[in-house]
Each structure stands twice: as structure tokens, then as C-alpha cells.
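Here is how the chains run, residue by residue.
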Amino acid sequence: MKAAFYSEFKGPITIEHLPDPTPVHNGVVLKVEATGLCRSDWHGWMGHDTDIVLPHVPGHELAGTVVGLGKGVKRFKIDDRVTVPFVGGCGKCEQCNSGNHQVCDFQFQPGFTHWGSFAEYVSIHYADTNLVHLPETVTFETAASLGCRFITSYRAVVHQGQISTNQWIAVHGCGGVGLSAIMIAKAMNAKVIAIDINDEALNMAKSIGADFIINTKNQNPVDTVKEISKGGVHVSLDALGNKVTCYNSIANLRKRGKHIQVGLMAGDDYDPEIPMHLVVANELEVIGSHGMQAHAYPEMMDMISTGKLHPEKLIGDMVSLEQGVSMLPQMNEFKSNGVTVINTF
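Residues numbered from 1 in each chain as written. Predicted model: local features only at pLDDT ≥ 70, side-chain atom pairs only at ≥ 80, totals over all residues. Heavy atoms only, no water.

Undergrad: Help me understand the sheet that holds strand β8 (residues 168–172), please; the structure alone is not making it clear to me.
TA: Within a sheet, adjacent strands bond to each other through the backbone by hydrogen bonds, running parallel or antiparallel. Pairing in this open sheet of six strands is parallel, and the strands run β10-β9-β8-β11-β12-β13 from one edge to the other. If you trace the sheet from one side to the other, it starts and ends with β10 (212–215) and β13 (285–288), each paired once. In this sheet, adjacent strand axes meet at a mean angle of 20 degrees when their direction is disregarded. Sheet analysis places strand β12 (residues 253–261) next to β13, joined by four bridges and oriented parallel. If you follow Ile 260 over to β13, its bridge partner there is Ile 287. Of the strands in this sheet, β8, β11 (233–238), β12 and β13 are in contact with helix α8 (residues 243–251), which crosses β12 at around 150 degrees. (Pairing = 2+ DSSP bridges. Helix = DSSP H or I, 4+ residues; strand = E, 2+ residues; numbered from the N terminus. Axes fitted to C-alpha atoms, helices over the stretch in contact; angles between N-to-C directions. Contact = heavy atoms within 4.5 Å.)

Undergrad: Just to check I follow, could you spell out unusual backbone geometry for this structure?
TA: A negative phi angle is the norm for most residues apart from glycine, just as the trans form is the norm for most peptide bonds. Following Leu 54, the chain continues into Pro 55 via a peptide bond in cis, with omega recorded as -5 degrees. Secondary-structure assignment places Pro 55 in the loop between α1 (39–46) and β4 (61–69). The phi dihedral of Asp 79 falls on the positive side, at around 80 degrees, and the residue is not glycine. Within the secondary structure, Asp 79 sits in the loop between β4 and β5 (81–83). Classification of Asp 79 as exposed rests on a relative accessible area of 57%. Residue Lys 230 is not a glycine yet carries a positive backbone phi of 60 degrees. Positionally, Lys 230 belongs in the loop between α7 (221–229) and β11. Under the relative-accessibility criterion, Lys 230 is labelled exposed at 73%. (Buried < 20%, exposed > 50% of the residue type's maximum accessible area, 1.4 Å probe, protein only.)

Undergrad: In this structure, what is going on with the pairing of strand β15 (residues 339–344)? I would like to understand it.
TA: For a regular strand, side chains alternate in direction, first toward one face of the sheet and then toward the other. As judged from the three bridges shared by strand β3 (residues 28–37) and β15, these two strands associate in the antiparallel manner. Of the residues in β15, the one forming a bridge with Gly 36 is Val 341. In this structure, strand β14 (residues 315–320) lies alongside β15, joined through four bridges in parallel fashion. If you follow Val 319 over to β15, its bridge partner there is Ile 342.

Undergrad: What is the right way to look at the environment of Gln 95 in this model?
TA: Looking at the element boundaries, Gln 95 is found in helix α2 (residues 94–97). Considered as a pair, Gln 95 and Lys 191 are 96 residues apart in the sequence and their alpha carbons are 33 Å apart. When near neighbours in sequence (up to four residues on either side) are disregarded, Gln 95 contacts Asn 100, His 101, Val 103, Cys 104 and Asp 105.

Undergrad: Can you help me understand the pattern of salt bridges in this one?
TA: A side chain of one charge can pair with a side chain of the opposite charge if their charged atoms are brought near each other. By the definition in use, this model includes seven salt bridges. Glu 322 is paired through a salt bridge with Lys 2; the nearest N and O atoms lie 2.8 Å apart. Note that Glu 322 is positioned in helix α11 (residues 321–327) and Lys 2 in strand β1 (residues 2–5), a separation of 320 residues in sequence. Here Glu 61 ties to Arg 149 by a salt bridge, and the two come within 2.4 Å at their closest N and O atoms. Placement of the pair is Glu 61 in strand β4 and Arg 149 in helix α4 (residues 140–160), with a sequence separation of 88 residues. Since its relative accessible area comes to 0%, Glu 61 is described here as buried. (Salt bridge = Lys/Arg side-chain N within 4 Å of Asp/Glu carboxyl O.)

Okay, here's the thing in C-alpha cells:
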């Protein structure tokens, strides 16, 4: 198969022809029809993820067609159109038995624990637990854009943040995760404040429903959020994963508000300072959000099918595998708006 490949962190990423994968017990092989290009892939390439064993094939947001079935798979068959969360559960550990596959003790993550989807084919483990049937109305490109950013934002806003009608929510960072959170929060009838340093990203946030936008190059985000929301927001997301945005997201909450950490904290941002005095005095909640379980997809898919959510609007560029390989090392420079999807192999 044709695949993106690197053998050292921060090293060259090349296109190689590698052996096709074979399905493991209870697993499948997918023909990759589309895969998203995400900043988490950049973190992996940088060496920020201890699960990656070199050499490696990146890619974790994907949709495809089942072309190989391992023994024990019951819920899926050849030619099924499917997608998959970027965190897969084993289906048997304490976390999975409680329904929390997103924090499985033995999780499977394509592009991290195993070779990923920047390839013509990818092996997926624990298929019956983790694969999601894809409605015919949802394209492979749209489904690929769900796999990390959109589902992570959905769970962060709806399940972890428990946002409700007319509550205020601040979203720090208007990349793929942030834009997804804005769209989802508006679908839940919340009042949304979008925060970024890029006017183009903020304009896109406005176009998909943000009620207010703040450019931190010329406005203090904490003071401005508190002024707009009359005392602070009910829910705030750090959708970037940065020491500054993490601090600001906590600091702009109203009393008993919820901070949801969605952006990956890695590299220089691994150990941020937070305003713990505010957490104590105002009884704030600091909550992590790490993907979403396959069994939670139906409610989100229903909102997509009924037109309440339009994740396809967040897709910016569709590129070839070769183009994706050249773009991956630049993911931390935030040169593109929206979600970039590889759909040509």
C-alpha cells in the first residue's frame, strides 16, 4: 500500500509502498476513503506522544470501506461504509464496562498506538466495539472530519460541559476543534464567544454562529468575555492546548462555571499554571475531554441527518496524500482555516 512514513521524530516524512495490513482477531481492515489532517498528527511527529513506536504511519481521523474481516467480527461485513473514533476501547476493561471507552485502559489509537490512516489501508482493532456505521447521507470526507475534532468537541460541549439554552460559552482557539465546538454550542442554543488571534478564523467562527468574536491581539480576552457575558461564562473551552488559552479559559468563568480542556497539552505547554485561587473561591470545575465513544455517535449523527449540525461546512481544503505529507510539519503554524482532508491516495 501507499502510505506516509517517518522513521525519526521531526524527521523526513516520505511516501512509501508498505505491506498491506491483515485483519487481527476481532478486527477489520479498511480501505481509507478520506482522512483528516490534525494538529495531533503534528504532536506525534514531534515526539510528544509516548505511544508512538518508530517507524510510523500517522493519521487518526478516518472513514472508509471494510475490505477485510478478522475472526470474531459480528456487527460488520465487507463493503460496509464506516468511521471510527480516534480512541478505541478494548470493550473489556473497567473503563469500557462503565461505558467510557474514550479512556480505555488498553486503548487502540490508529496513528498513535498503531499505524494510522495516512495510507491506502488501515487495520482497526476491536471492530464491534469501535466501528460506527456511516449513513449514506454522510460523505466519507465529512465522516473523516468527525473522527477527532468534531466528536471531541461534541462530547466536550454536550456531555462534559452540559451546555443548555441561553447559557454563555467561550471557545478559545478557532481551529478545527474550536469551530466544531462553536457550531455544536449554537445547535444547543447557547450564546457563543469565539476567541482567536486570526481574523480569518474569527470571521469563519462568526459565519457558523458565534455571537461575539474577540481578537486577543487587540483585546484582553478575560476582561472582554466577562464584560460581554456580564460576569463570566458558564462553560469555557481551551480548544487550542496552550498555557495562555488554558489560563484564560479558567479565568473568564463565572462562579461555578466549567472549564473543559480539549486541546492537547504537550511540548512546552505540558505543565501549565492555572488560577487555582479562582477554582477554589468560585467553585469552578476543571474537566478534561478525550474523544467520544462509538456508542455515543447516534445522537450526533441524528443531528447531522436532520440538519441541526453541518460539519461539512468546516472542511477547508481537500488534498492528496502527497500534499498532506508536505503540510503535516507545518500544522503548528495554523496556516489554514477549517479542517483539511486527504481524499486522494
